[in-house]
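Spelled out, the chains give:
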Amino acid sequence: LAVCLRPAGKLIGLIAIERRTDRAERVHNLGYIFHPAYQGHGYATEACRAAMDYVFRQLAAAAILTGTKLENVSSV
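Residues numbered from 1 in each chain as written. Predicted model: local features only at pLDDT ≥ 70, side-chain atom pairs only at ≥ 80, totals over all residues. Heavy atoms only, no water.

Draft legend 1. Examining the overall build of the protein chain more closely. Within the protein chain, the regular secondary structure consists of one helix and four strands. Starting at the N terminus, the α and β elements of the protein chain follow one another as β-β-β-α-β. By the burial criterion, 21% of the 76 residues in the protein chain qualify as buried. Long-range contacts, defined as pairs at least 24 residues apart, comprise 36% of the intrachain contacts of the protein chain with a sequence gap of at least 6. Element-wise, carbon and sulfur atoms account for 54% of the exposed surface of the protein chain, whose accessible area totals about 5,800 Å². (Helix = DSSP H or I, 4+ residues; strand = E, 2+ residues; numbered from the N terminus. Buried < 20%, exposed > 50% of the residue type's maximum accessible area, 1.4 Å probe, protein only. Contact = heavy atoms within 4.5 Å. Areas by Shrake-Rupley, 256 points an atom, 1.4 Å probe, with all protein chains shown as cover.)

Quick look at the structure:
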């Protein structure tokens, strides 16, 4: 999913959602990447909340998995 700033529609990041097929229940992976100039402004938080809402409500997921390096304090 593309994450864009309004009204110009400037692409600032991407969110990826993938269904895990190695589990019996509906589990999805969530990942994201944002241009460094737009990190630390809450865009990833806002976009991930919207993506998680979609995954739980529309895709009926039981869980969402994600991960990051411990040194990536902002993402943790």
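Draft legend 2. Structural view of the environment of Ala51. Assignment of secondary structure puts Ala51 in helix H1 (residues 43–57). Among all residues touching Ala51, those that are not within four sequence positions of it are Ile15, Ile17 and Leu30.

Draft legend 3. Molecular detail of the packing of aromatic side chains. Enumeration over the complete set of coordinates arrives at two aromatic pairs. Ring geometry for Tyr32 and Phe34: centres 6.1 Å apart, planes at 70 degrees, overall edge-to-face. Note on Tyr32: relative accessible area 35%, which makes it partly exposed. For Phe34, a relative accessible area of 7% gives the class buried. (Phe/Tyr/Trp six-rings, centres within 6.5 Å; stacked < 30°, edge-to-face > 60°.)

Draft legend 4. Representation of unusual backbone geometry in the model. Between Arg6 and Pro7 the backbone carries a cis peptide bond, its omega angle lying at -5 degrees. Inspection of the secondary structure assignment puts Pro7 in the loop between strand E1 (2–5) and strand E2 (10–20). Phi is positive for Ala60, close to 55 degrees, though the residue is something other than glycine. Turning to its location among the elements, Ala60 is positioned in the loop between H1 and strand E4 (63–65).

Draft legend 5. Expanded view of the pattern of salt bridges. Summed over all chains, the structure comprises two salt bridges. Between Asp22 and Arg20 there is a salt bridge, with its nearest N and O atoms 2.7 Å apart. Residue Asp22 is classed as exposed on the basis of its relative accessible area of 53%. Asp53 serves as the salt-bridge partner of Arg57, at 2.4 Å between the closest nitrogen and oxygen. In this pair, Arg57 and Asp53 are both assigned in helix H1, four residues apart and thus about one turn of the helix distant. We classify Arg57 as exposed; its relative accessible area is 64%. (Salt bridge = Lys/Arg side-chain N within 4 Å of Asp/Glu carboxyl O.)

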